[in-house]
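# Fold and geometry: a report
Next come the chains, spelled out residue by residue.
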Amino acid sequence: MFLRGLRVYWAAQLILGVMKISVKIKFAELSSLPGSPVYRHWRSTNVNLIKEEDLRVFVFVTTLFLLAGSAFSASTVTRADEGNIKVVEAKAESQFPDGIKFSVIANSTDGIDDIRVFFSKVEQQGRSSYRSVDFEPGDSVVGESVLPSGSGGDYFPPGTKIEYSFEVRDKAGAVLRTDSKEFVYEDNRFEWLTVVEDLITVYYYGEYVEDRANVVLAAAKENLERMLPVLGIAPTEPLRIVSYNNYRHMSSALPFRSQAVSEGLQTQGMAFSSERVLLVHGFDPTVTGTVSHEFTHLLVGEAAGSAIGQVPSWLNEGLAEYGNIDPTDDYNAALRYGIFTRRIKPLWYLSSFGGTPEDIIIAYGQGRSVVQYMIDTYGEARMAALFPVLQRTLDIDLALLEVYGMDQFGLDTAWREALGLEPLPSPDELESELDEASETSEAEASLAESPETDESPADTGAASESTDTAESTPEADPAGATGDDERDSEGGSNSPGCNVPASGNAPTGLGMLLLLGAPFGLVALPRLRRRWPFS
């Protein structure tokens, strides 16, 4: 068919060229007879003749292309014709936590040859994907395909809304495309109910829980009103909140997280901006603060758009705490602890939060303080202007320079000076000092190693006993869990994780560390200042 269309095209070009040459020859012949009446007539009418000839050429070529197009489209319609294909059933089912199962029943007297399911997240129109459907060949078939979530594929949370359709082909070349349907992926362990207002939908389950769902809804509404001027957005697409009754139920819906982090932190809520979904522990005592914090992440995702990956964690989490309608003093205490122990990192090191649970909580406190400083000093409008620039530059330092007149280093310096802290060296100088400090530490460690020093049996036994004791330390119950919760502490995030220290964990509690470590800190502070690479 492509070759046929190509032949038609070149034939039309040849005819057009011949007709243009004929017009030029005619003009040349008449121009040699200046005294001829025909010449004078030609001179007065040549424009009209040329236009008439061009019009004829245009009509002729257009006719050729229409004929060729009709032939081509007729063939396409034949292939796209539904023929004898009949789709008896087409549906999607939740296979939580493994994903979504698509199933279809179809038949054709010509035999089913191929079935595919096309799907996309409703809020991401234009980003469609498809999967092949497995079935036993025949005239009447039952096909299935599973879109995996979690360990079997890309994780997507309960509450994700998708749009899907099936394409069925038979051996005669007929094609049938079913109408698109919408489906919400749900945690099918529970029977879900909803409360809805404007763009916000809260999913909940269980008797006598509607009042709590309304508390969650009210917190999200208040946060929305507070953050719209800060982020400069006007949402038009729905936002969904899935509220769980206890942490044990919610933990099964969260993506995998490393055990090292989950043992010290409990995830109270988690936002998924690309799906516009928020998972939350609805009966946690701090639920209004958690909902407003996490809901801000959804709004930041909308404000940043395709540049969401360029939003550093210190800014994302700092804005989330600015939008928190029921903040606690935990993050402020963590910031004070970080300042006291000189564990405040440079902003350009906080594009993502990592390290120990204490490091992460300190980073939350730092991000909260920096964003508060930015808004108090420069106003909400300046923050709202940052995100369109970030979408254009795709670089946080360039965006900050354009909007605030300083990059992350400049902002870090201004914030530290506002708190009365000593500014850090420039990134290059700091990197050099850290490298030198690392080399010095390695040299001291190598000198400290002595081949003549042998570990005595008593020392070995003491070390083994200490390890055994540490391994047998019981794990604390998660904070805020209801009575039927077990010692589940595994949660996680592939979006900005929002966590609090697990309660009952005395060795890692910030308050206890301050009480126990203050005397030692006062004694060791002069030595630390002499050795600290940032000073």
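The rules behind the values
- Residues numbered from 1 in each chain as written.
- Predicted model: local features only at pLDDT ≥ 70, side-chain atom pairs only at ≥ 80, totals over all residues.
- Heavy atoms only, no water.
- Helix = DSSP H or I, 4+ residues; strand = E, 2+ residues; numbered from the N terminus.
- Buried < 20%, exposed > 50% of the residue type's maximum accessible area, 1.4 Å probe, protein only.
- Areas by Shrake-Rupley, 256 points an atom, 1.4 Å probe, with all protein chains shown as cover.
- Core = buried A, V, L, I, M, F, W, Y, C linked by side-chain atoms within 4.5 Å.
- Contact = heavy atoms within 4.5 Å.
- Axes fitted to C-alpha atoms, helices over the stretch in contact; angles between N-to-C directions.
- Parallel < 35°, antiparallel > 145°, perpendicular 65-115°, else oblique.
- Nonpolar A, V, L, I, M, F, W, Y, C, P; charged D, E, K, R; others polar.
- Expected span 1.5 Å × (residues − 1).
- Arc of directions from axis to C-beta.
- Polar contact = N/O pair within 3.5 Å; in protein donor to acceptor, adjacent residues only side chain to side chain.

## Regarding the overall build of the protein chain
Along its length, the protein chain carries 15 helices and 13 strands. A total of 535 residues make up the protein chain; the buried ones form 40% of that total. As displayed, the protein chain has an accessible area near 28200 Å², and 54% of this comes from carbon and sulfur atoms.

## Considerations on the nonpolar core
One finds I241, F295, W314, L315, L319, M383 and F387 to be the most contacted residues of the largest nonpolar core, which totals 66 residues. Per-element accounting of this core gives the leading share, ten residues, to helix α9 (residues 357–378). Once residues within four sequence positions are removed from consideration, M383 is found in contact with V230, L315, L319, V371, M374, I375 and Y404.

## Some words on the packing of helix α8 (residues 330–340) against α9
For any two helices packed against each other, the geometry comes down to the angle between their axes and how far apart the axes lie. At a minimum axis separation of 8 Å, α8 and α9 run at an interaxial angle of 105°. Of the possible angle classes, the one that applies to α8 and α9 is roughly perpendicular. Counting all contacts with α8, which are made through Y331, N332, A334, L335, Y337 and G338, the residues of α9 involved are E358, I361, I362, Y364, G365, Q366, R368 and S369. Among the residues forming the contact of α8 with α9, the class breakdown is seven nonpolar, five polar and two charged.

## A short note on the environment of S132
Among the secondary structure elements, S132 is positioned in strand β3 (residues 129–132). Among all residues touching S132, those that are not within four sequence positions of it are I115 and S145.

## A closer look at helix α10 (residues 380–393)
With 14 residues, α10 extends 21 Å from end C-alpha to end C-alpha; this agrees with the ideal 20 Å at 1.5 Å per step. Burial in α10 covers these residues: M383, A384, L386, F387, V389 and L390. Here the buried face of α10 lies against α3 (210–231), α6 (287–304), α7 (313–322), α9 and α11 (396–404). L394, located one to two residues past α10, shows a positive phi value of around 55°.

## Side note on α11
Listing the buried residues of α11 in full gives I396, A399, L400, V403 and Y404. What you see down the axis of α11 is that its buried residues fit within an arc of 100°, all on one side. Where α11 is buried, its residues meet α7, α9, α10 and α12 (408–419). Capping the start of α11, D395 holds a side-chain oxygen 2.9 Å from the backbone nitrogen of D397, two or three residues further along. Of the residues flanking the end of α11, it is G405, one or two places downstream, whose phi is positive at about 80°.

## Structural notes on the side chain of E317
In this structure, E317 sits in helix α7. A polar side-chain atom of E317 sits 3.2 Å from a polar atom in the side chain of H297.

## Brief notes about the packing of α3 against α10
Interaxial distance between α3 and α10 falls to 6 Å at its minimum, and their mutual angle equals 70°. Relative to α10, the element α3 lies roughly perpendicular. Residues P229, V230 and L231 of α3 lie in contact with α10, whose contacting residues are E380, M383, A384 and F387. Of the residues belonging to the contact of α3 with α10, the class tally is six nonpolar, no polar and one charged.

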